[in-house]
Amino acid sequence: MTKTVLLTGGAGYIGSHTYLGLVASGYDVVILDNFSNAQEDVPLRLARITGSPVKLHRGDVLDPVFLTGVFAAHDFDAVIHFAAKKAVGESVAKPLDYIQTNVGGFVNLLQAMDAADVRRIVFSSSATVYGDTLVQPIPEDHPRTYTSPYAYTKISGELILEQLVAADPRWAVGTLRYFNPVGAHYSALIGEDPQDIPNNLVPYIAKVAIGELPRLQVFGDDYDTPDGTGLRDYIHVEDLADGHVLSVNALLETGQSHTVNLGTGEGSTVLEVLRAYSDACGKELPFEIVPRRDGDVAVLTARPDLARQVLGFNAKRTLDDMCQSSWAWVSGQLRNDPKP
Ligand code: WQD
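This structure is a prediction, so every number in the text was calculated from the model and none was measured.

Trainee: Would you take a moment to explain the sheet that holds strand 14 (residues 299-300) for this structure?
Mentor: One open sheet accounts for three strands, arranged 12-9-14; its pairing is mixed. Edge positions in the sheet fall to strand 12 (268-269) and strand 14, since each has one partner strand and no second. In this sheet, strand 12 lies alongside strand 9 (residues 231-232) in antiparallel orientation, the contact comprising two bridges. Bridged to Leu 231 within strand 12 is Thr 269.

Trainee: When you look at the side chain of Asp 239 in this model, what are you seeing that I'm missing?
Mentor: Here Asp 239 shows up in helix 8 (residues 237-254). In this structure the side chain of Asp 239 is engaged in a polar contact, spanning 2.5 Å, whose partner is the side chain of Arg 317.

Trainee: Explain the sheet that holds strand 3 (residues 55-58) here, please?
Mentor: Picture the strands of a sheet paired through backbone hydrogen bonds; they go either parallel or antiparallel. With parallel pairing, the seven strands of this open sheet are ordered in space as 3-2-1-4-5-6-11. This sheet does not close on itself; its edge strands, each paired only once, are strand 3 and strand 11 (258-262). With strand direction ignored, the average angle separating the axes of adjacent strands in the sheet is 20°. With three bridges connecting them, strand 4 (residues 78-81) and strand 5 (residues 120-126) associate as parallel partners. Within the sheet, the bridge partner assigned to Ile 80 lies in strand 5 and is Val 122.

Trainee: I tried to follow the packing of aromatic side chains on my own but got confused; where do I start?
Mentor: Pairs of aromatic rings are described using the distance from one ring centre to the other and the angle between the two planes. Overall, the coordinates contain four aromatic pairs when judged by the stated rule. Measuring from ring centre to ring centre gives 5.3 Å for Phe 71 and Phe 76, while their planes differ by 80°; the resulting arrangement is edge-to-face. Take Phe 71 and Phe 76: they sit in the same class, and that class is buried. An angle of 85° between the planes, with centres 5.2 Å apart, marks the rings of Tyr 146 and Tyr 152 as edge-to-face.

Trainee: Would you mind showing me how to read the layout of surface pockets here?
Mentor: Empty space among the atoms can be located by rolling a probe the size of a water molecule over them. Looking at the second largest pocket, its volume works out to about 390 Å³. Counting residues per element, the ones that place at least two in the lining of the second largest pocket are helix 1 (13-24), helix 2 (42-50) and helix 8. Ranked by the residues each element gives to the lining of the second largest pocket, the list is headed by helix 1, at five residues. Across the lining of the second largest pocket, the residue classes break down as eight nonpolar, six polar and seven charged.

Trainee: Looking at this structure, how should I read the pairing of strand 2 (residues 28-33)?
Mentor: On any regular strand, side chains alternate: one points to one face of the sheet, the next to the other face. Across the six residues that make up strand 2, a large majority, five, are buried. Inspection of the sheet shows strand 1 (residues 4-8) paired to strand 2 by five bridges, in the parallel sense. Each residue of the ladder has a partner; that of Thr 8, found in strand 2, is Leu 32. A crossover links strand 1 with its parallel partner strand 2, the connecting element being helix 1, and its sense is right-handed. Read as a crossover between parallel neighbours, the route from strand 2 over helix 2 to strand 3 is right-handed.

Trainee: What exactly am I supposed to notice about the state of the cysteines here?
Mentor: One covalent bond between the sulfur atoms of two cysteine residues makes up a disulfide. Under the counting rule described, the total for this entry stands at zero disulfides. Between Cys 281, a cysteine without a disulfide, and Cys 323, which holds the nearest cysteine sulfur, the sulfur-to-sulfur distance is 9.1 Å.

Reading the values: rules and limits
Residues numbered from 1 in each chain as written. Predicted model: local features only at pLDDT ≥ 70, side-chain atom pairs only at ≥ 80, totals over all residues. Heavy atoms only, no water. Pairing = 2+ DSSP bridges. Helix = DSSP H or I, 4+ residues; strand = E, 2+ residues; numbered from the N terminus. Polar contact = N/O pair within 3.5 Å; in protein donor to acceptor, adjacent residues only side chain to side chain. Axes fitted to C-alpha atoms, helices over the stretch in contact; angles between N-to-C directions. Phe/Tyr/Trp six-rings, centres within 6.5 Å; stacked < 30°, edge-to-face > 60°. Buried < 20%, exposed > 50% of the residue type's maximum accessible area, 1.4 Å probe, protein only. 1 Å grid on protein atoms, 1.4 Å probe; cavity = no way out; pocket = protein on both sides within 12 Å on 5 of 7 lines; lining within 4 Å. Points joined across faces, edges and corners; volume = space filled by probe spheres on them. Nonpolar A, V, L, I, M, F, W, Y, C, P; charged D, E, K, R; others polar. Right-handed = clockwise from strand over helix to strand, strands pointing away. Disulfide = S-S within 2.5 Å.

This is how it looks when you write it as structure tokens:
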């Protein structure tokens, strides 16, 4: 019997790649999105890749009536919840918007699920819940502390789910803590598509590579890392999508909840990423060293062991794969040949 999964925010960056992973794994997938942070043509691109039309509900998790209608239209086996605001800096400027959508909208979704007897959910969380870290690489039992309203909403989502599972054992939850997702789908038909000047490193470098931005500003070279620049655990978005498929599989097969890091356990510095991107695009990319960015830490890498034990998850793709796929996406080098 084919299982049906709802992706809230499924037209977004991680959601659209997860859509492809689920379809490839035999799931029937439905997308719910308000397109506040997704291009309108993403469903068409997904249909071009899969060869089948996308089942789409355009609307907002802030609208309980809309949510009730979506759950009345399908018999879902599970939900993956991506629909949330995710810019750390913006969350400082607009904390109530973030709490309204990321917490209020989340509660609306959970209530609609409960009313429809759907109690399997994968929650898109973030390494940001670890705050100022005490150890590296970071294990899942590291304390959670919020350093921004965005991080507060992610910790709140995790705590809501913990309370729900404790109160009602019919629920099973997969909480996935992403480290630094980068890259694009092998076809180069979908990828990260920031609405304005990117905050994150790789989409910023991509804009430098295609000539839309003059140079990369490297936020500090005086950290305690191999070359003094910030070190992060970058994970290919297609590996991240695979992690979501494994999480849904586990919830449906075992009914066991889990909270795992999705990272590689390896770290790359800013200058190492810049070098890899230069290799991918075949040109030197200009940069300048500027002062540190407020709130940045030196190192953030994942302990990847638990995802391997619980889900059988292993990130396969390399930093070069990430940069090559990002470059193919931003430079429009479509690829129809089968994945290697
Ligand atoms: C990576 C490194 C910067 C831009 C953020 C969010 C986190 C999560 C992932 C949602 C750092 C350096 C960056 C630039 C630079 N998002 N950098 N110049 O800060 O690790 O994590 O995205 O869940 O919540 O905080 O990612 O890509 O912004 O920065 O030198 O123009 O690149 O200092 O060392 P970050 P990032």
